[in-house]
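If you want the building blocks of each chain, they are given just below.
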Amino acid sequence: SMSPMDESFGSRPVTMSITRNIEKVPRVVFIRFNPLQDDVEPVPFKLIQKAAEPFIEISDSTLQVPVSFNTNILHLTTSESWKVETDNAEMFSLRDSTDQKEVDFNDNVFTKTRNKILVLSVRTNNTGNVRTGKLIFSSLEDNNVKNELIVTQMGDKIPPTVSVEN
C-alpha cells in the first residue's frame, strides 16, 4: 500500500508498506509515478526485496498454563517446509485452525506458510506436579532451522509450607 494518494503538487515523502518476503528468491516491484502535467514523463521506480533467509517463527516461545484443560492460539510463519514434533505427546494436541484436523506428531509435513493459525490444546494435568512439554518446529530442508515452544503446566499439589513459632 502507498500513501499519500491525493493530487497535491510538489515534492513530498511517500510511504510504502510491503509484506515480508518468505520466498528464497528476491521479489521485484515496479512502480510508476504519473505526473498530473501532460508534458512530463512518468517517473519509474524499481524496488527489490531481498530473498528470505531460512526461518521458522512462532508467536510464543514459552507458555505457562493452568492445571486444567486449556487452548492457546499459535501463529506460525515460515520460509521452509516444516514439521512439528513433541517430547510429551500425552500433554498436547495440535490442530490446524483451517481444517480442524489434528496433527499427528509422528507423521506430519507442511509447506511454507504465512501466519498459519494453530490451536494448541493442553490436556488437564492429572500428575499433581508441574510438568513441561516442548513443541519443536523444524525445517524439512535445513536441519539448522528450527524453533521451540516450551509449555509449563501447573500441578494441583499444594507446595509444603514452613511455619515457625517463637
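Whatever comes next refers back to the structure up there.
Now for a quick tour of the structure. Here the structure is a predicted model, which means the values were calculated and not measured.

Analysis parameters
Residues numbered from 1 in each chain as written. Predicted model: local features only at pLDDT ≥ 70, side-chain atom pairs only at ≥ 80, totals over all residues. Heavy atoms only, no water. Buried < 20%, exposed > 50% of the residue type's maximum accessible area, 1.4 Å probe, protein only. Helix = DSSP H or I, 4+ residues; strand = E, 2+ residues; numbered from the N terminus. Pairing = 2+ DSSP bridges. Phe/Tyr/Trp six-rings, centres within 6.5 Å; stacked < 30°, edge-to-face > 60°. Patch = residues over 30% accessible without salt bridge, like charges linked within 9 Å, V, L, I, M, F, W, Y side chains within 5 Å. Areas by Shrake-Rupley, 256 points an atom, 1.4 Å probe, with all protein chains shown as cover. Salt bridge = Lys/Arg side-chain N within 4 Å of Asp/Glu carboxyl O. Axes fitted to C-alpha atoms, helices over the stretch in contact; angles between N-to-C directions. Contact = heavy atoms within 4.5 Å. Polar contact = N/O pair within 3.5 Å; in protein donor to acceptor, adjacent residues only side chain to side chain.

**Overview of the pairing of strand 8 (residues 82-86)**
Move 1: Going residue by residue along strand 8, you find Trp82, Val84 and Thr86 tucked away on one face and Lys83 and Glu85 left uncovered on the opposite face.
Move 2: Bridge count for strand 8 against strand 11 (residues 131-139) is 5 bridges, and the pairing is antiparallel. Note that in strand 11 the partner of Trp82 across the bridge is Ser139.

**Considering the packing of aromatic side chains**
Move 1: The final tally for this structure, using the stated rule, is 3 aromatic pairs.
Move 2: Ring geometry for Trp82 and Phe110: centres 4.2 Å apart, planes at 15°, overall stacked. Here Trp82 is found in strand 8, whereas its partner Phe110 is found in the loop between strand 9 (92-96) and strand 10 (116-122), with 28 residues between them in sequence. Judged on exposure class, the residue Trp82 and its partner Phe110 are both buried.
Move 3: Judged by centre distance (5.9 Å) and plane angle (50°), the rings of Trp82 and Phe137 are tilted. With Trp82 in strand 8 and Phe137 in strand 11, this residue pair connects regions lying 55 residues apart in the sequence. Each member of the pair Trp82 and Phe137 is classed as buried.
Move 4: Pairwise contacts between aromatic rings join Trp82, Phe110 and Phe137 into one cluster.

**So, unusual backbone geometry**
Move 1: For Gln100, which is not glycine, the phi dihedral falls at a positive 60°.
Move 2: Here Gln100 lies in the loop between strand 9 and strand 10.
Move 3: Of note in the backbone geometry, Asn115 takes a positive phi value of approximately 55° without being a glycine.
Move 4: Here Asn115 falls in the partly exposed class, since its relative accessible area comes to 42%.

**Some points on a nonpolar patch on the surface**
Move 1: Where nonpolar side chains cluster on the molecular surface, the patch consists of Val28, Phe30 and Ile48 and spans about 330 Å² of accessible area.
Move 2: When you line up the elements, Ile48 lands in strand 4 (residues 43-49).
Move 3: By relative accessible area, Ile48 is classed as exposed at 53%.

**Some words on the sheet that holds strand 11**
Move 1: Overall, mixed pairing links the 4 strands, which are arranged 6-12-11-8 in an open sheet. Edge positions in the sheet fall to strand 6 (62-65) and strand 8, since each of these pairs with one other strand and no more. Put simply, the sheet's adjacent strands are angled 15° from each other on average, direction ignored.
Move 2: When strand 11 meets strand 12 (residues 146-153), the two strands line up antiparallel, connected through 8 bridges. Directly across from Thr132, in strand 12, lies its bridge partner Thr152.

**A closer look at the environment of Glu23**
Move 1: Relative to the elements of secondary structure, Glu23 occurs in the loop between strand 2 (15-16) and strand 3 (27-33).
Move 2: Taking the relative accessible area as the measure of exposure, Glu23 reaches 33% and is therefore partly exposed.
Move 3: Along the backbone, Glu23 and Ser79 are 56 residues apart, and their C-alpha atoms lie at a distance of 6.1 Å.
Move 4: Setting aside chain neighbours within four positions, we find Glu23 in contact with Ala51, Ala52 and Lys112.
Move 5: Polar side-chain contacts of Glu23 include one of 2.8 Å to the side chain of Lys112.

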